[in-house]
Amino acid sequence: MRFNRRTNAVVAGAVIAGLTLAACGGDSDDGGDGGGGGSAAEVEVFTWWAAGSEKAGLDALVNVFEEQHPETKFVNGAVAGGAGSAAKDLLQSRLQANDPPDTFQAHAGMELLDYINAGQLQDVSLLYDAFDLREAFPADLIERLTHDGKIYSIPSNIHRANVVWANPAVLEENGIDPDKTYADLDEWFADLDVLQEAGVTPLSVATAWTQVHLLETILLSTLGADAYTGLWEGETDWNGPEVTEALENFEQAMSYTNGDRDGLDWPEATQMVIDGNAAFNVMGDWAVAAFEEQGKELGTDFTAFPVPGTDGVFDFLADSFTLPEGAPHPDGARNWLETVGSLEGQTAFNKAKGSIPARVDADPAEFSAYQQTAIESFGQDTIVSSLAHGAAAPVAVLNAVSDATSKFTAGASDIGTFQSELASAAAATS
Amino acid sequence: MIKTAKKAGRKAGAPLLLIAPSLILVGIFVYGLIGANFKTSLSDVHTAGQATGQAPAGTVWLDNYFDLLGSEAFQHSLKNLFLYTGVFLGGTMLMGFLWAWLLERPMKGEGIFRSVYLFPMAVSFVASGVVWRWLLNSNQDQSATGLNRLFQMIGLDFLQNNWWNNVDYGITAIAIPAIWQLSGYVMALFLAGFRGIPDELREAARVDGATTWQLYRHVLFPQLSPIALSALIIIGHMSLKSFDLIMSISKPANYQTKVPAVDMYVFKSSFDYANAAAVGSILLVLVALVVVPYLVRTNRKEK
């Protein structure tokens, strides 16, 4: 009996230990590098494209990839949730644990700076030469992507941030010509006043990041393209009078917005324009998908134009793919990047996703009406980097700017405080 | 002698073996990681480069704590946390006690009411947060929805307000769903407390001529106080750690609803590991201030 009891205890102990170990080992999934095969055998592509037009775009890109590189198996590492924040959290810990995916999606530009400084990304300049991308992308864009003479990612698509979406029916009802063009913010504000008095929400906006998005386009409009870029490169003084003027414009713009903004995300704010509950919305051009999905047509059901005062400027953001240091399949990743940069890859991906190719040699005829106008602007406009979408500033700066903006729009700080908080947020760049 | 020593060893052996795995796991994954977190909070690892050893990092001892506690933004978060905890605790205790008191006398359909009150606890904070975000919409008058619309419909227009979008007290609006979810739990605790009081005590009080108030004041409340304390501790530490409910109603950047747990998340996503760890330690200390005296007390009682 005693002997029995002891063996029982040992067995129980072993079982418990085994169970707990099994539970702990649960998430180290995918069985390592997989046996055999060279480093081009497969490629794990880490994205947050798990639903909607983003997933459609990824699927289209994968189709091209499988044609171009049948030897490399595509492994989908997409993580859903939180508009990319869930994926970014997971990526952060995977990189920290030296378990990088073979390539990951990231906004092109300064959002990569943290990974670069952490030594987690490889320079892909050589791939630009190998794939002839230097001629394929606009020179302005290459300059925006270059950090200390090196390039760390290959863009797959371009979005434009400085776009106003309008509901012409609402404008007409209130005696405003829907085809009117606005040379600057003041002209626009005059019409917003009319709408405000008529009891319509003149301008819809959502939670903090969309307010930062609005702020950036107003900074761009008030300061102009060069001074706006100077904000991120240290040549424009954040404490200067021009910035004060821009912030006053921002304050005025916010006074036209809906009261429940902090509880909404961008689709709900854009929906207000679609439904005719608001006249205007400033949002990036991914919003066009929301209009088109509901059968609305550009020109009749909705209109789109650059934020007043930013005509001729293309406030860009881009998704791009990287080559992480220490990834298990660098050759697979190289193949993936070749497809991402290729004309066929960019065309297939962007047709499905609704963005535009970064390449200038894509045929506009293959794209939708809005995309064609965006392709045209991208080819000829001055290109500046978006703040709210990671192109202009690193994550820490963007977070600090968002905090300051939320504090200001919630009514807890005045313009003076707001401006000094923005200045100290931007000063943390270096 | 040898035999008994062996016996004693054998006696201790099996239980020790049984708890060893959990002891080791808790040691590593709870206390080990608390230690690692505390160590990070004493460093100046504020960037991704320092975290991977690409840039030099040093130890700054308690500087991060002083900086945080001295910063206006973090004080605002702490103020929000205490406001939230105060309303959350007060609300759940009051509602929970009230329901328990109503259900305490034998009545028909008690089981149904008990389930109805307890059910919200089964809903995850994230799911109920989404619904409460709609209910607590801050639009008023013509564009009102949610609770504000309800107030209009029943003619209580003056009650309309902007809920969690109020800069000073907005956070207390988020305590409303929290109260809704956990009052039932507090009710269950109190109900168990009421049921645990023997009838003889009430009878004795009646025989002695106590009024109802005196019965509650001198007989029932003292019997319920340990339950009340447990409820306070459980709800209190949940409140201090609140994150999911706030995140699903509001957004991390929203100034109105900043609390330390949200700050920790934002610091971490900014690669500012040192400050994130420092906020984590501050939260741990706050929770420990609530829990440890309670544990000491129960421990002493059991002895």
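For clarity, every value in this text was computed on a predicted model and none was experimentally measured.

Reading the values: the criteria
- Residues numbered from 1 in each chain as written.
- Chains lettered and ligands numbered in written order.
- Predicted model: local features only at pLDDT ≥ 70, side-chain atom pairs only at ≥ 80, totals over all residues.
- Helix = DSSP H or I, 4+ residues; strand = E, 2+ residues; numbered from the N terminus.
- Rg over C-alpha atoms; globule rule 2.2 N^0.38 Å.
- Buried ≥ 20, exposed ≤ 12 C-beta atoms within 10 Å, placed from the backbone.
- Contact = placed C-beta atoms within 7 Å.
- Nonpolar A, V, L, I, M, F, W, Y, C, P; charged D, E, K, R; others polar.
- Pairing = 2+ DSSP bridges.
- Axes fitted to C-alpha atoms, helices over the stretch in contact; angles between N-to-C directions.
- Domains from an automatic or database assignment.
- UniProt positions renumbered as here; feature names shortened; annotations may be inferred.
- Parallel < 35°, antiparallel > 145°, perpendicular 65-115°, else oblique.
- pLDDT = per-residue confidence, 0-100.

A.B. asks: Which parts of the structure should I look at to understand the overall build of chain A?
C.D. replies: On a plain count of helices and strands, chain A comes out with 19 helices and 12 strands. Relative to the compact-globule value of 22 Å for 430 residues, chain A shows a C-alpha radius of gyration of 24 Å, a close match. When the backbone C-alpha atoms are referred to their principal axes, chain A occupies close to 90 × 55 × 45 Å. For chain A, with 430 residues in total, the buried portion stands at 50%.

A.B. asks: What should I look at first to understand the overall build of chain B in this one?
C.D. replies: The number of helices and strands found in chain B is 13 helices and zero strands. When its helices and strands are written in sequence order, chain B yields α-α-α-α-α-α-α-α-α-α-α-α-α. Computed over the C-alpha atoms, the radius of gyration of chain B is 25 Å, more than 25% above the 19 Å expected from 2.2 N^0.38 for a compact globule of 303 residues. The dimensions of chain B, computed from C-alpha atoms along their principal axes, are 85 × 75 × 30 Å. Across the 303 residues in chain B, those meeting the buried criterion constitute 34%. In chain B, of all internal contacts separated by at least 6 residues, the share reaching a separation of at least 24 is 70%.

A.B. asks: Would you take a moment to explain the interface of chain B and chain A for this structure?
C.D. replies: Interface size is often expressed as the accessible area that is lost when the parts come together. Counting residues at the interface gives 32 residues for chain B and 34 residues for chain A. Of all the elements in the fold, those that place two or more residues in the side of chain B that touches chain A are helix H1 (2–41), helix H2 (48–51) and helix H12 (260–269) of chain B. By residue number, the principal contributor to the side of chain B that touches chain A is H1(B), which donates six residues. Across the side of chain B that touches chain A, the residue classes tally to 15 nonpolar, 14 polar and three charged.

A.B. asks: Looking at this model, I keep getting lost on the sheet that holds strand S7 (residues 163–166) of chain A. Mind explaining?
C.D. replies: Sheets are built from strands that pair by backbone hydrogen bonding, the pairs being arranged parallel or antiparallel. Residues and elements named next belong to chain A. Pairing in this open sheet of four strands is mixed, and the strands run S8-S9-S7-S10 from one edge to the other. The sheet terminates laterally at strand S8 (201–204) and strand S10 (303–306), the two strands that pair on one side only. For this sheet, the mean inter-axis angle between neighbouring strands, taken without regard to orientation, is 20 degrees. Across four bridges, S7 lies against S10 in antiparallel orientation. Bridging from a neighbouring strand, Val 163 pairs with Pro 306 of S10.

A.B. asks: Help me out: how do you make sense of the environment of Ser281(B) in this one?
C.D. replies: All names here are of chain B. The topology assignment puts Ser 281 in helix H13 (residues 273–302). Since 20 C-beta atoms lie within 10 Å of it, Ser 281 is described here as buried. Ser 281 sits 229 residues away from Thr 52 along the chain, and the two C-alpha atoms are 22 Å apart. With residues near it in sequence (within four places) discarded, Ser 281 still touches Asn 37, Phe 38 and Ser 41.

A.B. asks: Honestly, the domain arrangement of chain A in this entry has me stumped. Any pointers?
C.D. replies: Residue and element names in this part refer to chain A. Each domain of chain A was delimited in the assignment, giving domain 1 (42–158 + 318–376) and domain 2 (163–315 + 387–427). Distance between the C-alpha centres of domain 1 and domain 2: 28 Å. Taken residue by residue, the interface counts 14 residues in domain 1 and 13 residues in domain 2. Among the elements that line the side of domain 1 that touches domain 2, the one with the most residues is helix H17 (residues 369–380), at three residues.

A.B. asks: Hey, could you run me through unusual backbone geometry in this one?
C.D. replies: Trans peptide bonds make up the majority, and among non-glycine residues the majority have a negative phi. The phi dihedral of Asp132(A) falls on the positive side, at around 55 degrees, and the residue is not glycine. Along the chain, Asp132(A) turns up in the loop between helix H5 (125–130) and helix H6 (133–136). Its 10 C-beta neighbours within 10 Å are what place Asp132(A) among the exposed residues. Phi is positive for Trp61(B), close to 50 degrees, though the residue is something other than glycine. Note that Trp61(B) resides in the loop between H2 and helix H3 (63–70). For Trp61(B), a count of 11 C-beta atoms within 10 Å translates into the label exposed.

A.B. asks: Hey, could you run me through the UniProt feature "transmembrane region" (unreviewed entry) in chain B in this one?
C.D. replies: All names here are of chain B. With numbering aligned to this structure, UniProt lists the feature "transmembrane region" (unreviewed entry) at residues 12–34, 81–103, 115–135, 169–194, 215–238 and 273–296. Helix makes up 100% of residues 12–34 and strand 0%, whereas the separation of the span's terminal C-alpha atoms amounts to 29 Å. Along residues 169–194 one finds 96% helix and 0% strand; the C-alpha atoms at either end are 35 Å apart.

A.B. asks: For this particular structure, what's the right way to read the packing of helix H10 (residues 212–240) of chain B against H13(B)?
C.D. replies: Each pair of packed helices gets described by two things: the angle between the helix axes and the distance between those axes. All names here are of chain B. Relative orientation of the contacting elements H10 and H13 amounts to 170 degrees, with a least axis distance of 10 Å. Judged on the interaxial angle alone, H13 and H10 are roughly antiparallel. Contact residues: H10 offers Leu 229, Ile 233, Gly 236, His 237 and Leu 240, while H13 offers Leu 283, Leu 286, Val 287, Val 290, Val 291 and Tyr 294. Class assignment of the residues belonging to the contact of H10 with H13 gives a composition of nine nonpolar, two polar and no charged.

A.B. asks: Looking at this model, I keep getting lost on the UniProt feature "domain: ABC transmembrane type-1" (unreviewed entry) in chain B. Mind explaining?
C.D. replies: In this structure's numbering, the residues bearing the UniProt feature "domain: ABC transmembrane type-1" (unreviewed entry) are residues 78–295 of chain B. Counted over residues 78–295 of chain B, helix gives 72% and strand 0%. Its end C-alpha atoms are 25 Å apart.

A.B. asks: What exactly am I supposed to notice about the confidence of the model for chain B here?
C.D. replies: Regions with low pLDDT should not have their predicted coordinates read in detail. Residues and elements named next belong to chain B. Of all residues in chain B, 96% have pLDDT values of 70 or greater, and the mean over the chain is 90. The least confident element of chain B is H1, whose mean pLDDT is 84; the most confident is H3, at 95. This complex was scored by the predictor with a pTM of 0.87 and an ipTM of 0.85.

A.B. asks: Explain the pairing of strand S3 (residues 103–107) of chain A to me, please; I cannot follow it from the model alone.
C.D. replies: A regular strand carries its side chains on alternate faces of the sheet. Residue and element names in this part refer to chain A. Across the five residues that make up S3, a large majority, five, are buried. By the alternation rule, side chains of S3 split into Thr 103, Gln 105 and His 107 and Phe 104 and Ala 106, which are all buried. For strand S1 (residues 42–46) and S3, the ladder comprises two bridges, and the chain directions are parallel. Bridging from a neighbouring strand, Phe 46 pairs with Phe 104 of S3. Bridging between S3 and strand S11 (residues 313–322) involves three bridges; their strand directions are antiparallel. Bridging from a neighbouring strand, His 107 pairs with Asp 319 of S11.

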